[in-house]
Amino acid sequence: MKEGVRYTGIASEEELKNSFGIPSAARMKQGPVAVIECVQEIPCNPCEGTCPFGAITIGDPITNLPHLNETLCTGCGTCVAMCPGQAIFLVNDLSEQEAEVTFPFEYWPLPQVGDEVDAVNRAGEVVCKGRVTKVRNPVAYKNTCVVTISIPNAFKDDVRSMKRVIKQTPMELAEQKERASQLVCRCEELTRGDIEKAIDEGATTIDGIKRRTRAGMGLCQGKSCERLVARILSEKLGRPLAEFLPATYRAPVRPISMGVIADNCEKE
Amino acid sequence: MKRLSTEIAIIGAGPAGLCAAIEASKLGAKVTLIDENALPGGQLFKQIHKFFGSKEHLAGVRGYEIGTRLLEELEKSDAEVMLSGTAYGLFRDMTIGVVQKTNHYAIQAKKIILAAGGKENYMDFPGSTLPGVMGAGAAQTMINVNRVLPGRHVVMLGSGNVGLIVSYQLMQAGACVEALVEAAPAIGGYGVHAGKIRRAGVPILTSHTIKEVYGDGKVEGVIIAEVDEKFRVIEGTERAIAADTVCLAVGLNPMTELAHMAGCGFTFLPALGGHVPLHDDNMETTVPGIYVAGDITGVEEASSAMEEGKLAGIAAAASLGYLDQEKAKELKDEVQVRLSALRTGAFGEKRQTAKTEQMARMAAFLQEKGGRRP
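Every value quoted in this text rests on a predicted model; they were computed, and no experiment measured them.

Peer 1: Account for the domain arrangement of chain B, naming residues and giving values.
Peer 2: Residues and elements named next belong to chain B. By the assigned domains, chain B splits into domain 1 (2–119 + 252–368) and domain 2 (122–248). The C-alpha-based centres of domain 1 and domain 2 are spaced at 31 Å. Contacts between the two partners involve 9 residues from domain 1 and, on the opposite side, 14 residues from domain 2. Of all residues in domain 1, K46, F52 and F347 bury the most surface against domain 2, accounting for 58% of the area lost on that side. The interface formed by domain 1 and domain 2 holds 0 salt bridges in total. Inspection of the region where domain 1 meets domain 2 yields 6 residue pairs in polar contact (both at pLDDT 80 or more).

Here it is as structure tokens:
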């Protein structure tokens, strides 16, 4: 079996060594740093422009391989999200026992901080367990979530992703089913499952949920459900609560008798 | 039948046609953009991945977002858009036959830009007509546009960028890709796309092919086998993979019927997908006033189709006198710089070589005709 990215889809040790994006072992000990595993000359340079610290250089032509300046790199992770090829990772050599690896992740469901996950190598094989320490998915990352997991130090050069969650155990399913039947919006009798379904169908805002389900359009006008809906959105989309603005309010914001308004109008 | 007339008629509202329409309209030409689909955008709206290239090529922006931006620009322009309009013929007096629902039009244009795109190649093997065997592009439309998962267990044939990207997106949509099979000894597409699906555990089996797909009324499994250097199946290496879906990502070819009808000269360049219409650096074919842009000129990707569309739009508007030759040259040179940036490196080189060869053959054609189009 021939080695190398052309034959296996995985960059060989040789290819990585001859590229210009791999930081030194000493730099990894000083905190998170980008590891750019880009070994083929393809026309692509967003990493260069996206680094806020000018730590990545490609130049002209844009097929040049990226060069990492490990001193300038702060390990912020912006390039991890912005590389269209998803070829950039962060490694943080924390101690003799522990290391952190950060990678792009574009599969639902997103992991949550604290989850124990299967850490996989470049071939998708599970090599160890990992604990999720950070899940970043701000709007600026354009839906490429950046996940950090803590793993045993020995695997820091191997682990480059985590196994996506596909199948749930019967117990998890039962639990989820029960949670799904929990009432969230009492006025319109909507369950958590209804809200989650709306998110699966593409809703990303409280207004989006409202238009699809009527959550917040009942008697209480969202007083009980709005915050719950925001929390479900935040959990499911992996985004901070701060991003979920309240729904659009229109008069009447309190239940009133329409007859009263109508009568008064007539008199005028 | 209703007779209509316009200055520039553009057939196909994908990335090339949209960019041609926006550019030509911006320069002042009266543009009619025709597409057989109910919505413009071509295949852009099913491209949910971040594009490559540089900032000028909108790198890092997802395909459907590029589509949205182009539609906004189109909306702002004066271009007329004719949707659900099937251009069924192109006749020698620069007239396009279009059927739109129950209406029939003959559209006469001073200039015509053909941006019809490409179509997927098919394969025949036992079981290739079973429901569940489909083009990778069709599967991509199902998951990303119609939000329907064609199946849970997929075998992908072909390791070009389409096969790699659609495998990844099928997993994002919730399917398992059981294997990606490639007859060549090496992966065809970008290593980074291959790396993504490898990390998700998809085996990439090079020097392998699909021998047979079996099932009772629908796909139930795939027999794959190793092939030798001449792509012949090596007996005894067969094995079965349980699957309910087989996707074929074995290349595309240019959709050139209208260019043929119009009498455009053609040349055969396998690196570009087969027979392609000859054209000059204005994207003008051997028939005066007929231009081509995008996959019809040779299969590449959306980024280069957009640049070619701009080129054709600028050239067609310039030939109508909407800008002087000097200004036109300046604009076209800018596009050419971006276009050649996309055709550099190990992957682009093959296409660049084929494009250069195409230009040489066009020049030879013109020389034979005494330097002028017939």
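Peer 1: I'd like a rundown of the domain arrangement of chain A, residues and numbers included.
Peer 2: Residue and element names in this part refer to chain A. Along its sequence, chain A is carved into domain 1 (5–162) and domain 2 (170–243). Placing the centre of domain 1 and that of domain 2 at their C-alpha centroids yields a distance of 34 Å. Each side of the interface is counted separately: domain 1 has 7 residues, and domain 2 has 6 residues. Between domain 1 and domain 2, roughly 520 Å² of surface is buried when both sides are summed, and carbon and sulfur atoms account for 41% of that area. Per-residue buried area on domain 1 facing domain 2 is highest for W108, N137 and V139; these three make up 57% of the total on that side. Across the domain 1-domain 2 interface, the total number found is 0 salt bridges.

Peer 1: Quick rundown of the side chain of S54(B)? Include the residues and the values.
Peer 2: Turning to its location among the elements, S54(B) is positioned in the loop between β2 (31–34) and α2 (63–76). The buried category is assigned to S54(B), whose relative accessible area is 3%. Within polar-contact distance, the side chain of S54(B) engages the side chain of E56(B) at 3.0 Å. Sequence-distant contacts of S54(B), defined by excluding residues within four places in its chain, comprise N45(A), I62(A) and A59(B).

Peer 1: Outline the nonpolar core, listing residues and values.
Peer 2: With 67 residues, the main nonpolar core has I149(A) and L170(B) as its most contacted residues. When neighbours within four sequence positions are excluded, I149(A) is seen to be in contact with A99(A), E100(A), V101(A), F103(A), V117(A), A119(A), R131(A), V132(A), T133(A), V159(A) and S161(A). With 40 residues, the next largest nonpolar core counts I8(B), L18(B), A115(B) and A318(B) among its residues.

Peer 1: Would you mind going over the sheet that holds strand β6 (residues 116–120) of chain A in detail, with residue names and values included?
Peer 2: All names here are of chain A. Ordered in space as β1-β4-β5-β8-β7-β6-β9, the 7 strands form an open sheet in which the pairing is antiparallel. Single-partner strands in this sheet number two, and they are β1 (33–36) and β9 (161–162). Of the pairings in the sheet, the one linking β6 to β9 comprises 2 bridges and is antiparallel in character. Within β9, the position partnered with A119 by the bridge is M162.

Peer 1: Describe the pattern of salt bridges, with residues and values.
Peer 2: Inspection of every chain in the model, using the stated rule, returns 30 salt bridges over all chains. With a shortest N-O distance of 3.1 Å, R214(A) and E188(A) are connected by a salt bridge. With R214(A) in the loop between α8 (206–213) and α9 (226–237) and E188(A) in the loop between β10 (183–185) and β11 (190–191), this residue pair connects regions lying 26 residues apart in the sequence. Looking at R214(A), the relative accessible area reads 40%, which means it is partly exposed. Between E196(A) and R192(A) there is a salt bridge, with its nearest N and O atoms 3.3 Å apart. Highlighted residues: E196(A) and R192(A), both in helix α7 (residues 192–200), separated by 4 residues, approximately one helical turn. Owing to a relative accessible area of 13%, R192(A) belongs among the buried residues under this scheme. A cluster of three or more residues bridged by salt bridges with shared partners is formed by E300(B), E301(B), E308(B), R343(B), R351(B) and K355(B).

Peer 1: I'd like to hear about the interface of chain A and chain B, residue by residue, with values.
Peer 2: Facing the 39 residues of chain A at the interface are 40 residues of chain B. Carbon and sulfur atoms make up 52% of the surface buried where chain A meets chain B, a total of about 3,200 Å² over both sides. Close ionic contact of R62(B) with E106(A) constitutes a salt bridge, the shortest N to O distance being 2.9 Å. Inspection of the region where chain A meets chain B yields 22 residue pairs in polar contact (both at pLDDT 80 or more). The set of elements that each furnish at least two residues to the side of chain A that touches chain B consists of α1 (5–8) and α5 (78–82) of chain A. Among the elements that take part in the side of chain A that touches chain B, α1(A) stands out by supplying 4 residues, more than any other. Taken together, the residues that form the side of chain A that touches chain B break down as 18 nonpolar, 12 polar and 9 charged.

So, how was this worked out
- Residues numbered from 1 in each chain as written.
- Chains lettered and ligands numbered in written order.
- Predicted model: local features only at pLDDT ≥ 70, side-chain atom pairs only at ≥ 80, totals over all residues.
- Heavy atoms only, no water.
- Domains from an automatic or database assignment.
- Contact = heavy atoms within 4.5 Å.
- Buried area = accessible area lost by both parts, 1.4 Å probe.
- Salt bridge = Lys/Arg side-chain N within 4 Å of Asp/Glu carboxyl O.
- Polar contact = N/O pair within 3.5 Å; in protein donor to acceptor, adjacent residues only side chain to side chain.
- Helix = DSSP H or I, 4+ residues; strand = E, 2+ residues; numbered from the N terminus.
- Buried < 20%, exposed > 50% of the residue type's maximum accessible area, 1.4 Å probe, protein only.
- Core = buried A, V, L, I, M, F, W, Y, C linked by side-chain atoms within 4.5 Å.
- Pairing = 2+ DSSP bridges.
- Nonpolar A, V, L, I, M, F, W, Y, C, P; charged D, E, K, R; others polar.

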